[in-house]
Amino acid sequence: MHFDLTDEQKALRDMVRDFAEKELKPIAAELDEHHRYPADVVAKMGELGLMGVAFPPEYNGAGMDYVSYAIVVEELSYACAGTGVICSAHSSLACDPINKFGNEDQKKKYLSRMTTAEWLGCFCLSEPQAGSDASQQHTTAVKKGDKWILNGTKNFITNGREAKVAVVFAQTDKEKRHKGITAYILTPDMPGYSVGQVEDKMGIRASSTVQIVLEDCEVPEANQLGDVGQGFTIAMTTLDGGRIGIASQALGIARRALEESVAYSKERHAFGAPISRLQAIQWKIADMATEIDAARLLTHRAAWMKDNGMRFSQQAAMAKLFASETAMRATKEGIQVFGGYGYVREYPMERLFRDAKITEIYEGTSEIQRLVIAAAALKD
Ligand code: CAA
């Protein structure tokens, strides 16, 4: 057993760290303030292979593993958590199901253009009345000739405003509950597809979150993803991988909070010495460092299990649960280290705190992660 990254993974980490430091960190506050999607940076990420890290080279992916992908999301999120989730939702939630469940034509047509960031992807499962209870899909798909006709509204769709490819779930047989859901690959040029409400969010403001509205949306038969009735399995399998991405995003936020807190505590003087000499501050730093290390071990273990073809649902849920709660604690304590300066926009701590919160909510709330973990623990 060894815990070190490979030389290739270390080289990737150093490259992304350098990229994020130069290209993202300086603009993160402005992206947040103006709710601006960083199109130029995402295009550069595509050129560097960061939007298709864990996908095969025959579809223009970088051909690396999921641990490498987790490293990329952590490094991007350290600089800008909104950009981290642009990469994560695109890679884990849109590219991954097409890679895993798509046929050769679908992979050539869609995945090959997504891995280069020419086409951004999104994942449309949640609905106004179906969030945590994902099997209760109200969106319907009805077969008419050689087309599927989709009707419904999808909610809280990360990347939805910019996406050129959407993996969408719809009910094809209501009687069969989760076994009556089917997945599709949609594009915004399909008749009846439109982008609805754009959300004004508390954090991760570099990424868009929108409604996708489907009104008699015409989807060619060739765009059915997987088998009829396989949609819920596709959604759940995809979210297992997605949760590793969000755990990595949370890790990036938490590590930034720790490093900012360490640097500030060495500069700020109180009672005749830097506040880093105060035990009250040292305990906060110690807890942050320990929890971040534990969160990274959980996250990389889940990624390693995915790479090695094991079932990793429980481990991904543990990683997401622990990493997201670590990010919340680290940013909360980080603000405390900064005192009043932690509460103002001149310093990054308040943004990190706002960005951290969503990691406890999307791709399954902390409560849902606990359900998944308990279900595996209680299984006969
Ligand atoms: N992998 C494969 N199959 C799975 C699975 C997994 N991880 N989890 C469940 N299944 C299978 C079960 O084995 C079962 O199959 P059988 O019927 O053949 O036995 C079937 O799915 C149904 O399982 P459950 O009875 O456990 O399903 P449930 O309806 O009780 O739901 C749940 C389980 C874990 C609560 C699930 O609904 C869930 O994960 N909810 C949260 C959804 C979520 O994360 N949404 C976020 C959307 S994405 C987003 O946030 C927006 C964005 O853009 C970032």
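Procedures and definitions
Residues numbered from 1 in each chain as written. Predicted model: local features only at pLDDT ≥ 70, side-chain atom pairs only at ≥ 80, totals over all residues. Heavy atoms only, no water. Helix = DSSP H or I, 4+ residues; strand = E, 2+ residues; numbered from the N terminus. Rg over C-alpha atoms; globule rule 2.2 N^0.38 Å. Buried < 20%, exposed > 50% of the residue type's maximum accessible area, 1.4 Å probe, protein only. Contact = heavy atoms within 4.5 Å. Areas by Shrake-Rupley, 256 points an atom, 1.4 Å probe, with all protein chains shown as cover. 1 Å grid on protein atoms, 1.4 Å probe; cavity = no way out; pocket = protein on both sides within 12 Å on 5 of 7 lines; lining within 4 Å. Points joined across faces, edges and corners; volume = space filled by probe spheres on them. Nonpolar A, V, L, I, M, F, W, Y, C, P; charged D, E, K, R; others polar. Domains from an automatic or database assignment. Core = buried A, V, L, I, M, F, W, Y, C linked by side-chain atoms within 4.5 Å.

A. Representation of the overall build of the protein chain. Counting its regular elements, the protein chain contains 11 helices and 10 strands. Against the compact-globule benchmark of 21 Å for 380 residues, the protein chain has a radius of gyration of 21 Å, which places it among compact chains. Counting only C-alpha atoms and orienting by the principal axes, one finds that the protein chain spans roughly 80 × 50 × 40 Å. Counting every position in the protein chain, which comprises 380 residues, the buried fraction comes to 57%. At a minimum sequence separation of 6, the contacts of the protein chain that also span at least 24 residues come to 74%. Here the protein chain has roughly 16600 Å² of accessible surface; of this, 53% comes from carbon and sulfur atoms.

B. Structural view of the layout of surface pockets. Put simply, the second largest pocket is a space of about 700 Å³. Along its surface, the second largest pocket is lined by 24 residues, and His-2, Phe-3, Asp-4, Leu-5 and His-300 are the ones closest to its centre. For the lining of the second largest pocket, the secondary structure elements donating two or more residues are α1 (7–24), α4 (66–79) and α8 (279–307). A per-element tally of the lining of the second largest pocket places α8 first, with 7 residues. A class-by-class count of the residues in the lining of the second largest pocket yields 7 nonpolar, 5 polar and 12 charged. When residues of the lining of the second largest pocket are assigned to domains, at least three map to each of domain 1 (7–114) and domain 3 (239–378).

C. Region of interest: the nonpolar core. Within the largest apolar cluster, 37 residues are counted, with the highest numbers of intra-cluster contacts made by Met-45, Met-51, Val-72, Leu-76 and Ile-244. Those elements that place two or more of their residues in this core are α1, α2 (28–34), α3 (39–47), α4, α5 (81–101) and α8. If one sorts the elements of this core by residue count, α4 sits on top with 9 residues. Of the residues that make up this core, three or more belong to each of domain 1 (7–114) and domain 3 (239–378). Residues within four places of Met-45 in sequence aside, it is in contact with Phe-19, Leu-50, Met-51, Leu-76, Thr-83 and Cys-87.

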